[in-house]
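Reading the structure
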Amino acid sequence: MRTRFAPSPTGFLHVGGLRTALFSYLVAKQTGGEFLVRIEDTDQERSVEGALKNILHTLHWAGLEPDEGVILRKGGIAQEGGKGPYIQSQRLELYRSYAEKLLADGHAYIAFDTKEEIDRMRTRQAQAGVASPKYDASVRMNMRNALTMSAQEVQEKLAGAEPYVIRMKMPAETQVSFEDDIRGVVSFNTRELDDQVLLKSDGFPTYHLAHVVDDHLMDIGIVIRGEEWLPSLPKHVLLFEAFGWRPPRYAHVPLLLNTDRSKLSKRQSSVAVEEFREKGYMPEAFLNFIALLGWNPGTEQEIFSLPMLIEAFSLDRVQKGGAVFDTEKLDWLQGQWVRQLSTEEFSRAILPLVTNQFPKAEYDPLFEQRAHLIQERITFLKEAPSMLQYFYEDPIVKNDLLANAKQKITETMLPDILIFLQETLETVLADEWTQDVLKEKLLSAAKLKGYKHGQVLWPLRAALTGLPFSPGAFEVAAALGRDTTLARIEMAMQSL
RNA sequence: GGCCCCGUCGUCUAACGGUUAGGACGCAAGGUUUUCAACCUUGUAACGCGGGUUCGACUCCCGCCGGGGCUGCCA
């Protein structure tokens with residue numbers, strides 16, 4: 001089954017766009033088909049410089065590599081496949097010829113109305129309380145089109161280069177029913193439908209014409225798109241019929257919503273996928289999150305990689321109602337994905353971040369060991385450098401960190417506690433300096449002295465790391481080694 | 001306004017006539033070698049309303065209410 005993702009280069013890749021792209025990608029992959037990317041740049045005014053490249057980059061980041069169409073390659077943006085071009089602004093002649101075919105077959109007509117005339121018509125209809133304002137409100141009367149003018153008049157205007165559009169001639173009172181793969185049968189009456197513009201006066205097609213022509217020519221088996229297109233479905237089905245083509249299958253995916261349940265918008269939420277990438281979310285976590293918004297596997301599994309999604313996804317388990325884009329679960333998934341990495345993968349992922357801050361850091365078994373200590377306790381990879389800081393430089397330890405009311409440690413108790421730590425730890429020899437031995441010796445000594453665990457462990461951990469939170473005291477002491485551990489306790493004593 | 005779509009915990013969702021309405025996030029409490037996390041345990045919380053159909057409705061039908069989308073020479 002060939003599927004496509006067809007963004008307009010008007011800005012960043014939207015999270016909702018990524019979701020429809022993901023669903024399309026999954027359907028293509030699980031049916032052994034191709035996933036194409038086509039660019040819908042038919043609105044010259046809204047096109048944004050650089051948006052195309054940006055969207056492709058983000059798609060690549062997410063791991064959704066197109067098989068055909070517009071693809072990001074080393075050299076830049078390439079078009080691959082035998083059904084191109086895949087950028088609509090490069091297919092203008094094609095759309096025109098198909099629009100003319102419609103004209104010849106009586107499914108469309110030329111109209112010369114100006115923007116102002118159309119505006120006036122709408123105002124008039126609104127004032128008259130017309131239920132469904134449309135171009136042909138009064139049997140296409142009062143409008144300047146090929147349906148009400150003589151052929152000669154039309155020819156004269158065309159010869160005089162007067163701007164015109166080509167409109168679809170909507171059949172009267174026809175019931176159009178179609179089976180959507182997510183919603184089941186939906187039906188509409190053409191009575192409510194306008195004579196949609198198909199070819200604009202600037203020679204560009206509207207979405208409607210371009211969609212029908214391209215998805216037919218590019219042999220798309222199923223069109224997966226946002227629910228906002230559902231009301232346009234009958235127009236598209238009718239166009240396929242007018243061309244004598246078999247329509248593809250359609251799946252209208254429910255919308256992503258703001259917290260107030262309106263259509264997800266930039267004003268109310270973060271909607272650019274790029275923002276999430278910048279915040280440090282892993283593509284796996286983000287994709288996992290997006291997939292679970294409106295789709296469920298029917299099992300209690302929550303963690304899904306892209307290959308697992310290809311395996312488990314199906315359109316009939318896609319929700320019909322919109323889903324609030326609430327990212328509270330995303331952070332949890334991000335943490336899960338950090339934990340999902342092997343120690344080596346994790347170490348390699350954080351290495352550049354750490355060397356950036358501590359140039360002498362390098363990948364070796366020791367680094368892996370240290371990385372392992374923090375892998376279970378961070379959510380974002382970018383937290384790694386600060387959590388490993390004390391392995392690369394001596395911390396500056398303040399008394400108010402060493403003392404801790406919650407652990408019942410006052411500043412006046414500190415000298416005694418630090419001496420206790422020093423004396424006890426000195427009895428542990430270098431060759432038995434392990435987490436287990438340290439724990440055994442220190443806790444038993446503390447018990448003899450009448451210290452509570454927190455009263456000795458908190459100052460030890462704080463003296464070693466200088467941080468309000470970090471891996472545990474024994475883990476850090478073992479990783480730091482005997483000399484450094486004792487030296488830092490000494491330093492803490494000096495600074496009292 | 002008209003047309004179309006939708007309606008289960010705060011959020012994402014399971015259930016496809018018979019369940020104590022399940023899971024996840026969040027939140028709360030407890031646990032773990034101190035703290036923040038992570039992790040484990042327990043808890044918290046939902047079928048929009050009213051009619052039918054049926055021995056029996058979250059599930060089927062109708063109405064209402066509520067929400068959303070569309071109603072462009074934007075996609």
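Residues numbered from 1 in each chain as written. Chains lettered and ligands numbered in written order. Predicted model: local features only at pLDDT ≥ 70, side-chain atom pairs only at ≥ 80, totals over all residues.

**Some points on the overall build of chain A**
For clarity, the threshold we go by: Think of it this way: any DSSP run of H or I at least four residues long counts as a helix, any run of E at least two long counts as a strand, and we number them from the N terminus. The quantity called the radius of gyration is restricted to C-alpha atoms. Its globule counterpart is 2.2 Å times the number of residues to the power 0.38. For the exposure call, what matters is how many other C-beta atoms sit within 10 Å of a residue's own: 20 or more marks it buried, 12 or fewer exposed, and in between partly exposed, using C-beta atoms placed from the backbone. By the criterion used throughout, residues are in contact when their C-beta atoms, derived from the backbone, lie within 7 Å.
A tally of helices and strands in chain A yields 20 helices and 13 strands. Here the C-alpha atoms of chain A give a radius of gyration of 33 Å, more than 25% beyond the 23 Å that 2.2 N^0.38 yields for 496 residues. Expressed as lengths along the three principal axes of its C-alpha atoms, the size of chain A is roughly 110 × 50 × 45 Å. Residues classed as buried in chain A amount to 35% of the 496 residues present. Once local pairs closer than 6 in sequence are excluded, the contacts in chain A between residues at least 24 apart make up 74%.

**Quick notes on the domain arrangement of chain A**
How large an interface is tends to be reported as the accessible area lost when its parts come together. The condition that has to hold: Domain start and stop positions are those given by an automatic or database domain assignment. Classes in brief: Ala, Val, Leu, Ile, Met, Phe, Trp, Tyr, Cys and Pro nonpolar; Asp, Glu, Lys and Arg charged; the others, Gly included, polar.
Segmenting chain A into domains produces domain 1 (3–75 + 207–257), domain 2 (92–199), domain 3 (273–337), domain 4 (341–392) and domain 5 (399–494). A separation of 25 Å is found between the C-alpha centroids of domain 1 and domain 2. Tallying the contact residues gives 18 residues for domain 1 and 21 residues for domain 2. At the level of elements, helix H6 (207–217), helix H7 (233–243) and strand S11 (249–253) are the ones that each hand at least two residues to the side of domain 1 that touches domain 2. Here the side of domain 1 that touches domain 2 takes 7 residues from H7, the largest share from any one element. Here the side of domain 1 that touches domain 2 is composed, by residue class, of 14 nonpolar, 2 polar and 2 charged.

**Considerations on the protein's contact with RNA strand B**
Put simply, the rule is: All residues are tested the same way: a C-beta atom is placed from the backbone, and lying within 6 Å of a molecule or strand makes the residue near it.
The immediate surroundings of RNA strand B are formed by 66 residues, with Lys263, Gly321, Val324, Phe469 and Gly472 found nearest. Secondary structure elements with two or more residues in the surface near RNA strand B: helix H4 (115–127), strand S8 (184–189), strand S13 (323–324), helix H11 (328–340), helix H18 (453–465) and helix H19 (473–480). For the surface near RNA strand B, the element with the most residues is H18, which contributes 5 residues. Here the surface near RNA strand B is composed, by residue class, of 23 nonpolar, 19 polar and 24 charged.

**Observations regarding H4**
For clarity, the threshold we go by: The span you would expect from a helix comes to 1.5 Å times its residue count less one.
Relative to the 18 Å expected for 13 residues at 1.5 Å per residue, H4 spans 18 Å between its end C-alpha atoms, a close match to the ideal helical length. Phi for glycine 129, located one or two positions after H4, is positive at around 70°.

**Focus on the environment of alanine 349**
Locating alanine 349 in the fold gives a position in helix H12 (residues 343–357). With 86 residues separating them in the primary sequence, alanine 349 and glutamine 435 have C-alpha atoms 26 Å apart. Ignoring anything within four residues of it in the chain, the contact list for alanine 349 reads Leu341 and Leu381.

**Remarks on the sheet that holds strand S9 (residues 197–199)**
The condition is simple: Strand pairing is assigned whenever DSSP detects at least two bridges linking the two strands. The axes are straight lines fitted to the C-alpha atoms, using for helices just the contacting stretch, and the angles between their N-to-C directions are given from 0 to 180°.
Strand order in the open sheet made by the 3 strands is S5-S6-S9, with antiparallel pairing throughout. Unpaired on one side and paired on the other, strand S5 (108–111) and S9 mark the two borders of the sheet. Looking at each pair of strands side by side, their axes are set apart by 45° on average, direction ignored. Bridge count for S5 against strand S6 (residues 165–168) is 4 bridges, and the pairing is antiparallel. Paired with alanine 111 across the strands is valine 165, a residue of S6.

**Looking at the nonpolar core**
Operational definition: Among buried residues, those of type Ala, Val, Leu, Ile, Met, Phe, Trp, Tyr and Cys that are joined through C-beta atoms within 7 Å form a set called a nonpolar core.
By size, the foremost hydrophobic cluster in this structure holds 67 residues, and its most contacted members are Leu18, Leu22, Ala285, Phe286 and Ile290. Excluding residues within four positions of it along the chain, isoleucine 290 makes contact with Val15, Leu18, Arg19 and Leu22. In this structure, Trp458, Leu460, Ala473 and Ala492 belong to the second largest nonpolar core, which totals 26 residues.

**Here's the deal with unusual backbone geometry**
Residue proline 85 follows glycine 84 across a cis peptide bond; omega there is 0°. With respect to the helices and strands, proline 85 occurs in the loop between strand S4 (76–80) and helix H3 (92–104). Even without glycine at this site, alanine 161 takes up a positive phi of about 60°. Position of alanine 161 among the secondary structure elements: in the loop between helix H5 (151–159) and S6. One non-glycine residue with positive phi stands out, namely aspartate 219, at about 60°.

**Some points on helix H1 (residues 15–30)**
With 16 residues, H1 should cover 22 Å at 1.5 Å per step; its first-to-last C-alpha distance of 22 Å lies within 8% of that length. Most of H1 sits out of view: 15 of its 16 residues are buried. Once H1 finishes, glycine 32 follows within two positions and takes phi at roughly 70°, a positive value.

**Observations concerning the packing of H18 against H19**
Note the threshold: Orientation is classified from the angle alone, with under 35 degrees giving roughly parallel, over 145 giving roughly antiparallel, 65 to 115 giving roughly perpendicular, and any other angle giving oblique. By convention the crossing between two helices is left-handed if the near helix lies anticlockwise of the far one by an angle smaller than a right angle, and right-handed if it lies clockwise.
Packing of H18 against H19 leaves a shortest axis separation of 9 Å and a crossing angle of 40°. In terms of orientation, H18 and H19 fall into the oblique class. Along this stretch, H18 crosses H19, giving a crossing that reads as left-handed. Along the contact surface, H18 presents Leu457, Leu460, Arg461, Leu464 and Thr465, while H19 presents Ala473, Val476, Ala477 and Leu480.

**Considerations on the environment of tryptophan 433**
Looking at where tryptophan 433 falls in the secondary structure, it is placed in the loop between helix H16 (414–426) and helix H17 (435–449). Linking tryptophan 433 and alanine 51, residues 382 residues apart in sequence, is a C-alpha distance of 57 Å. When sequence neighbours within four positions are dropped, the list of residues in contact with tryptophan 433 reads Val428, Leu438, Ala478, Gly481 and Arg482.

**Focus: the sheet that holds S4**
Spatially, the 4 strands line up as an open sheet ordered S1-S2-S3-S4, and their pairing is mixed. At either margin of the open sheet sits one strand with a lone partner, and together these are strand S1 (3–5) and S4. Mean inter-strand twist for the sheet, computed between neighbouring axes without regard to direction, equals 45°. Sheet analysis places strand S3 (residues 68–73) next to S4, joined by 5 bridges and oriented antiparallel. Paired with glycine 69 across the bridge in S4 is glutamate 80. Most of the contacts of H1 go to S1, to which it runs at about 160°, and overall it touches S1 and strand S2 (35–37). The strands that helix H2 (residues 51–62) touches are S3 and S4; relative to S3, the one it contacts most, it runs at about 85°.

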